[in-house]
Amino acid sequence: MPAALNGLRILEVGSGAAGAMAGMVLAENGAELVKVEPPGGDPDRGRPGFRVWHRGKQSVVLDLRESGGRENFVRLAAGADGMIECLRPGAAARLGIDYRTLRPRCPRLVYASISGFGERGELRDLPGYEGIVSARAGRMHAQPGFRKGPIFTPVPIASYGAGMLAAQGLLAALWRRGRSGPGQRLHTSLLAALSVYDMTLGPGNRTHQVKPGQVFGVMEVAFMTAPTRDGRFIQMCSRQPHLYRNWLKALGLEELLDAPDLRHMPDLFPSEERMREVIERIREKMRERSADEWMEIFSANDIGGDPFLTAAEFLEHPQTALNGRAREVIDPEVGRTLQVGPLARFSATPAEIGAPAPRLGEHTAELLEAAAKERVAGSDEGSAPADADPVGGPLQGVTIVECGYFYATPFAATLLAEAGARVIKIEPSAGDPGRRNWTRTWSKAMVGKESVAVDLKTPEGREIVHELVRSADLFIHNFRPGTPERLRIDYATLNALNPRLVYVYGSCFGSAGPWSHKAGFHSSPNAICGCGIIESGRDNPPRNRTFADPAAALATAACALVGLHARERTGKGQYVETTMLTSMAYAVSEWSLQYPGKQDRMPDRGQHGFGALHRLYPTADGWIYLECHRPREWRALCAGVDPGLAQDPRFADPPARGRNDAELARELAARFARRPADEWESRLRQAGVPAVRADGIEHEDFMLGHPHCRENRVAVEAAQPGTPRSWRAGPAIEFGDGPTPVRPAGELGARTTAVLRELGYDDARIAALAERGVTRVIGHGLPD
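In what follows, the accompanying structure is described. For clarity, every value in this text was computed on a predicted model and none was experimentally measured.

### Considerations on the overall build of the protein chain
And step 1. When you go through the protein chain residue by residue, the secondary structure sums to 33 helices and 28 strands.
And step 2. The C-alpha atoms of the protein chain give a radius of gyration of 26 Å, which matches the 28 Å a tight globule of 784 residues would have.
And step 3. Along the first, second and third principal axes, the C-alpha set of the protein chain runs to 75 × 60 × 50 Å.
And step 4. Across the 784 residues that make up the protein chain, the buried fraction comes to 61%.
And step 5. Considering only residue pairs separated by 6 or more positions, the protein chain has 76% of its internal contacts joining residues 24 or more positions apart.
And step 6. Accessible area of the protein chain: about 28,400 Å², with a carbon and sulfur share of 49%.
And step 7. Taken together, the 96 basic and 95 acidic charged side chains of the protein chain have centroids lying 1 Å from each other.

### Regarding the sheet that holds strand 11 (residues 305-307)
And step 1. The sheet built from three strands is open, its strands ordered 8-9-11 with antiparallel pairing. What marks the edges here is a single partner per strand, and that holds for strand 8 (225-227) and strand 11. On average, adjacent strands in this sheet sit at an angle of 35° to one another, irrespective of strand direction.
And step 2. Of the pairings in the sheet, the one linking strand 9 (residues 233-236) to strand 11 comprises three bridges and is antiparallel in character. Of the residues in strand 11, the one forming a bridge with Ile234 is Pro307.

### Some words on the packing of aromatic side chains
And step 1. Throughout the structure, instances matching the rule amount to 18 aromatic pairs.
And step 2. In this structure an aromatic cluster arises from ring pairing among Phe152, Trp591, Phe610 and Tyr625.
And step 3. In this structure, Arg657 packs its charged tip against the face of Trp634, placed 4.3 Å from the ring centre.

### Focus: the side chain of His466
And step 1. Topologically, His466 is positioned in helix 18 (residues 459-470).
And step 2. Discounting residues that sit within four places of it in the chain, His466 has contacts with Arg488, Thr493, Leu494 and Leu497.

### A closer look at the pairing of strand 1 (residues 9-14)
And step 1. Of all six residues in strand 1, six are buried, a share of seventy percent or more.
And step 2. In this fold, the crossover linking strand 1 to strand 2 (residues 32-37) by way of helix 1 (residues 17-27) has right-handed handedness.
And step 3. Judged from the five bridges that link them, strand 1 and strand 4 (residues 82-86) form a sheet pairing that is parallel. Bridge pairing in strand 4 links Leu11 to Met83.

### Describing the packing of helix 17 (residues 408-418) against helix 23 (residues 548-570)
And step 1. Running from N to C, helix 17 and helix 23 point in directions that differ by 50°, and their axes come no closer than 7 Å. Here helix 17 lies oblique to helix 23, going by the angle between them. For the crossing formed where helix 17 meets helix 23, the hand is right-handed. Counted together, Ala408, Phe411, Ala412, Leu415 and Leu416 of helix 17 and Asp549, Ala552, Ala553, Leu554, Thr556, Ala557, Ala560 and Leu561 of helix 23 form the full contact between these two elements.

### Some words on unusual backbone geometry
Keep in mind that most residues, glycine aside, have a negative phi and that most peptide bonds are trans.
And step 1. For the bond from Met265 to Pro266, the omega torsion is -5°, close enough to zero to count as cis.
And step 2. Even without glycine at this site, Arg488 takes up a positive phi of about 60°.
And step 3. Structurally, Arg488 can be placed in the loop between helix 19 (483-487) and helix 20 (491-497).
And step 4. Look at Arg488 and you get partly exposed, because its relative accessible area is 42%.

### Here we look at the sheet that holds strand 28 (residues 734-735)
And step 1. Spatial ordering of the open sheet is given by 3-2-1-4-5-6-28, a layout of seven strands whose pairing is mixed. In this open sheet, the two edge strands, each paired with only one partner strand, are strand 3 (57-61) and strand 28.
And step 2. Pairing of strand 6 (residues 185-189) with strand 28 involves two bridges; the strand directions are antiparallel. Within the sheet, the bridge partner assigned to Leu186 lies in strand 28 and is Phe735.
And step 3. Running over the sheet, helix 1 touches strand 1, strand 2, strand 3, strand 4 and strand 5 (110-115) and is turned about 155° from strand 4.
And step 4. Each of strand 1, strand 2, strand 3 and strand 4 is contacted by helix 3 (residues 67-78), which is oriented at about 145° to strand 1, the strand it contacts most.

### Quick notes on the environment of Asp678
And step 1. Residue position: Asp678 is located in helix 29 (residues 677-687).
And step 2. Look at Asp678 and you get partly exposed, because its relative accessible area is 46%.
And step 3. Along the chain, Asp678 and Ala421 lie 257 residues apart, while their C-alpha atoms are 45 Å from each other.

### Side note on the pairing of strand 27 (residues 723-729)
And step 1. For strand 26 (residues 715-720) and strand 27, the ladder comprises five bridges, and the chain directions are antiparallel. By the bridge assignment, Val716 is partnered in strand 27 with Arg728.
And step 2. The turn linking strand 26 back onto strand 27 is made up of two residues, and Gly722 within it adopts a positive phi angle of 80°.

### Section: the nonpolar core
And step 1. One finds Leu26, Val155, Tyr160, Leu395, Leu416, Met584 and Tyr625 to be the most contacted residues of the largest nonpolar core, which totals 132 residues.
And step 2. Top contributing element to this core by residue count: helix 8 (residues 157-180), with 14 residues.

Basis of the calculations
Residues numbered from 1 in each chain as written. Predicted model: local features only at pLDDT ≥ 70, side-chain atom pairs only at ≥ 80, totals over all residues. Heavy atoms only, no water. Helix = DSSP H or I, 4+ residues; strand = E, 2+ residues; numbered from the N terminus. Rg over C-alpha atoms; globule rule 2.2 N^0.38 Å. Buried < 20%, exposed > 50% of the residue type's maximum accessible area, 1.4 Å probe, protein only. Contact = heavy atoms within 4.5 Å. Areas by Shrake-Rupley, 256 points an atom, 1.4 Å probe, with all protein chains shown as cover. Lys, Arg positive; Asp, Glu negative; His and termini not counted. Charge placed at Lys NZ, Arg CZ, Asp CG, Glu CD. Pairing = 2+ DSSP bridges. Axes fitted to C-alpha atoms, helices over the stretch in contact; angles between N-to-C directions. Phe/Tyr/Trp six-rings, centres within 6.5 Å; stacked < 30°, edge-to-face > 60°. Lys NZ or Arg CZ within 6 Å of the ring centre and 35° of its normal. Right-handed = clockwise from strand over helix to strand, strands pointing away. Parallel < 35°, antiparallel > 145°, perpendicular 65-115°, else oblique. Left-handed = near helix turned anticlockwise from the far one by under 90°. Core = buried A, V, L, I, M, F, W, Y, C linked by side-chain atoms within 4.5 Å.

Printed below as a string of C-alpha cells:
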C-alpha cells in the first residue's frame, strides 16, 4: 500500500535535530526528502542521532555560496512542494534561498523555517542550540537535581518539539495550498516549542497557587518516584481518584481515604506538613517489596506505576515489539542497527523507515540531472500569487471531534485549533479531569475549542456524538482499549457512520502488548523510554520529568495531519494510532538507536553536561552555560577565555580534546570561577561564543514576562471569560504574513446548546436532555 505522503517532495536545509526530525516524520510517511548539504557535509554527521534523523532521505551537496550552487538549489525548489529551513537568522537571505527570493520562481512552495529564539527581539541572534535555549529560558534553573544550582537538561525536547511543529505547520499549509493554490511561509522556534511543554503556564494553575488549606500535591504524591526494597525505583502514575484509591488499598493505607482533612487527595492537601506525612508513610510501605513484586500487584489491581528502563531496554521490550515501534535498519557504516520505529501506525497507508541515512552527496548527480530536465514553474520571474488569507489559519474548514482527557491528546487538538481547525470538545458533566489542575475557567489544553457536555454512557449522549462525527474530518480520543467499544465510539462504529473520517487514537502504550490496558500518564514514558535515566546523570537515581504529555501532543497533531493528507489522496479515512512511548522515544532518538560498539553519551554525575565544551560552569557569583560544536566556536572560546588553551597540545585538535576532556573541563572551570557570570556572558557573546548565564532566571517569568517572548508572541495577553486579561502562552506556529488569532479556552459545556441547535435539536429537546442529566454541567467539585 502506498504511504500517506507519496508524491510530496520536501527540501531540507541546515543542521540540528529540529529540522532533521521534521523531515524524519515526513520521510517515513512517503515524502521524498532531499537533504541539501554544504561541500563539507552537515556538521551533525558526527552526532549519533544522525543515523536515525536522516533515514529514508536523499543527500545532495551544493555550495550555496556559489552562483551555480544557488541556481541548482532554485531548480530543486521549483520542483518541490515544501522546504524545511533551519539556518541562523539572516543566513538564508545571505545565501539567496530565503522565501522572499524563492517565491517568484516557486510560488507554490510551502516554506517552513525553524529558529532558536524567534525572528524578532534582543535574543534572536543567539545560537539556536538546544542547551543555549534551555539555559537562557530558565529551564536549567528550574530543574530539580542532586546538587544546588542549575541542572543540565540533556533530552532535546525543544528540538523535538520544534521539529514536530514544523512538520505540522508544513502539512497544514500544504493542505491549504490544495484549496487555494499558492504556498506560504511559516515559522516556529525552539523557544516556542518550550511553551508547549509548559503545561502549567497560564492564569490559575494550582501548581502556582499558594493558598491556606490548598497545597497542590499531585506531582509529589500521585507522581512520586518511589523507592523499593531492592534499591530500584517505580515511577508512580496514579493521578485519577480510582487509581489513587487502588494504590493506597494495595499499600494497606486505605484509612487515609477516610480522613476528613484528606478528602481532596491526591489533588489538594490541608498543609505542607500533612502532605509530607502522607508521602513518608507511602514511601515506607513501598520499601517493603521489590520493584517486580509491586509491578505484579499494580498490574492485577489497575494501579498506575512503571519501571525505569534504559532507551536500549525499551527498544527490546515486548510492548515495543508487539506495537511495531522498533525497526532493524542496516546502516552502510555500522551494520545492523535497532532504531525507534515509525511515529504512528496508519491502517491504510503504513509508514515505512526506508533506506538508511544517506552518504554525503549520494544522490547529487541523479537529482540535479532530473531537475535540469523538469520545466521550472514560474521561471519568468513574474509576480507570485498572493498568499492565502492567513486569518483563521490554514486548517479553516477542518472539523475535529475530540474526546480526550488531561493534556497529551487534548493539547494535540489545541495545536490543530490554533492552526484554524474547528474543535468540538466532548466532556462529561464533571469536565475533562485535566480541568482539576486549574482554579479558573482557563485551561491550556482547552484553547480555541467548543466544549459540549455529553454523558457518553447514555444512548442520547452517544447519538449526539454520532451526529457530530457524520460531518467531521477527524475524531481524536485517548481512552484505554475496551472503553471506546463500550461507549460506541470505536473505529468500526464511527467508520461505518463516516467512511471519510480520520480516526486518531492517542494512546500511551499502544493497542497491543502486555501493557495496552495500563493507565498511562506523562511520567510513564519518562520512565519506560529511558528519559528518567538520561536526565538523572551517570550513576544517579532516576528522575521524574513531565515531557511525555507534550511530546505526545506534538506527535499526535502532526500524524493527524498525515492522515488528513492520505484521505485527500485516497478519498477514504483510516485508523491512526500514536503512542506516548514512541513520541518520547523519538525525543530521545539519539539513545533509541543501538548497534555493536555504540557508546551512549550521558551527563556527568554532577549533572553539569556532556563534556567540557557542552556543560555548566560555576562562576564567581553564578553559573554560565557553554555549548561549542564548531571549530570556529572553539577558536572564539580560546580568544575570549585564554588564548593559551589553543596552544596547549592536550587540546590541539578534536581528538586530543576528546581524550583530555576532564582536564579541559578543569582548566575552563578554574578560569570561569574568576569572573562574574554576567561579565562572562557579555564577553563571550561579543567573541561569538555560544554561552549564556544559566542561573537566576525564573522559567515562568521568562516565558510569560520577558520582552523577547512577548515580541515573538511566545507570550500573548488575552481575555478569558470570568478572568482578568492576563499573559498566557501564544500559538506555537506563525503562518503567513499575519498573526495567528488568539482564542480563549472553551468553558465547560459553554457551546452545548449552540452545537445541538446546529444538529437540528429544538429548544424543548435540548431542555429535556439537560433535565435528564445527559448534557448537564456539574464541574469537578474542587475548591477554586
